[in-house]
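Listed here are the chains, written in short residue letters.
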Amino acid sequence: MLQTLLLVAMILISLSLTAVVLLQRSEGGALGMGGGPSGMMTARGAGNLLTTTTWWLAGLGILCAISLTIVGNMSRGSGSIIDADAVGALAAPTTPAAEAGAEAAPADAGPAAPAAAPSLGDLEADLAAPAPATTPANPAPAN
């Protein structure tokens, strides 16, 4: 609810800031466009009001963006994607009934459930073992 309210406020602030900036008189001579007295608001007081309004809207926009970031991150929690307990719970069944059902399944029923992740000792043993010799499927004939 708060995130939606802040998002609507951010949109309104952004639109207001865009309108106020576009209403301001051009004071530069970029591309030959002079900022002569032909503008809609030429009084010095109107220029100061628009400048002050621009600063306030910019400040509110920054505060709203920071608030949106904080509110958006509050619901995320602090758990990691690669949480060891969560990976173990997904890979191995947690109840004895599920284990008994997995063992009683026929071999041709389909693909097996993924096994638990190998431990570091298993990986080290696999790396230390010599690679098996492979033979080509179609050996070249000897001349």
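Residues numbered from 1 in each chain as written. Predicted model: local features only at pLDDT ≥ 70, side-chain atom pairs only at ≥ 80, totals over all residues. Heavy atoms only, no water.

Quick look at the overall build of the protein chain now. A count of helices and strands for the protein chain gives 5 helices and 0 strands. Secondary structure elements of the protein chain occur, N-terminal to C-terminal, as α-α-α-α-α. For the protein chain, buried positions account for 7% of its 143 residues. Intrachain contacts of the protein chain at a sequence separation of at least 6 include 75% that bridge at least 24 residues. About 12,000 Å² of surface is accessible on the protein chain, with carbon and sulfur atoms providing 67% of the total. (Helix = DSSP H or I, 4+ residues; strand = E, 2+ residues; numbered from the N terminus. Buried < 20%, exposed > 50% of the residue type's maximum accessible area, 1.4 Å probe, protein only. Contact = heavy atoms within 4.5 Å. Areas by Shrake-Rupley, 256 points an atom, 1.4 Å probe, with all protein chains shown as cover.)

What follows deals with helix 1 (residues 2-23). Owing to its 3.6 residues per turn, the α-helix aligns residues three or four sequence positions apart on the same side. Relative to the 32 Å expected for 22 residues at 1.5 Å per residue, helix 1 spans 31 Å between its end C-alpha atoms, a close match to the ideal helical length. Three or more residues of helix 1 are buried, namely Leu6, Ile13 and Val20. Looking straight down helix 1, one finds that the buried residues subtend no more than 55 degrees of arc, so they occupy a single side. Set apart from the buried face of helix 1 by more than 90 degrees, the exposed residues are Thr4, Leu12, Leu15 and Leu22. (Expected span 1.5 Å × (residues − 1). Arc of directions from axis to C-beta.)

This part takes up the nonpolar core. Judged by nonpolar contacts, Leu6, Ile13, Cys64, Leu68 and Val71 together constitute the single largest core of 5 residues. In terms of residues, this core owes the most to one element, helix 2 (residues 44-74), which gives 3 residues. When neighbours within four sequence positions are excluded, leucine 6 is seen to be in contact with Cys64, Ser67, Leu68 and Val71. (Core = buried A, V, L, I, M, F, W, Y, C linked by side-chain atoms within 4.5 Å.)

This part is about the confidence of the model for the protein chain. Here the protein chain shows a mean pLDDT of 72. Residues at 70 or above account for 39%. No element of the protein chain has a lower mean pLDDT than helix 4 (residues 96-103), at 58, and none a higher one than helix 1, at 93. (pLDDT = per-residue confidence, 0-100.)

This paragraph deals with the environment of arginine 25. With respect to the secondary-structure elements, arginine 25 resides in the loop between helix 1 and helix 2. Look at arginine 25 and you get partly exposed, because its relative accessible area is 38%. On a C-alpha basis, the gap between arginine 25 and leucine 50 in space is 9.4 Å, while along the polypeptide they are 25 residues apart.

Moving on, we come to a nonpolar patch on the surface. On the surface, Ile62, Ile66, Ile70 and Met74 cluster together to form a nonpolar patch covering roughly 440 Å² of accessible area. Structurally, isoleucine 70 is set in helix 2. (Patch = residues over 30% accessible without salt bridge, like charges linked within 9 Å, V, L, I, M, F, W, Y side chains within 5 Å. Salt bridge = Lys/Arg side-chain N within 4 Å of Asp/Glu carboxyl O.)

The next subject is the environment of glutamine 3. Positionally, glutamine 3 belongs in helix 1. Overall, glutamine 3 belongs to the partly exposed group, its relative accessible area being 41%. Contacts of glutamine 3, omitting those with residues within four sequence positions, involve Leu68, Val71 and Gly72.

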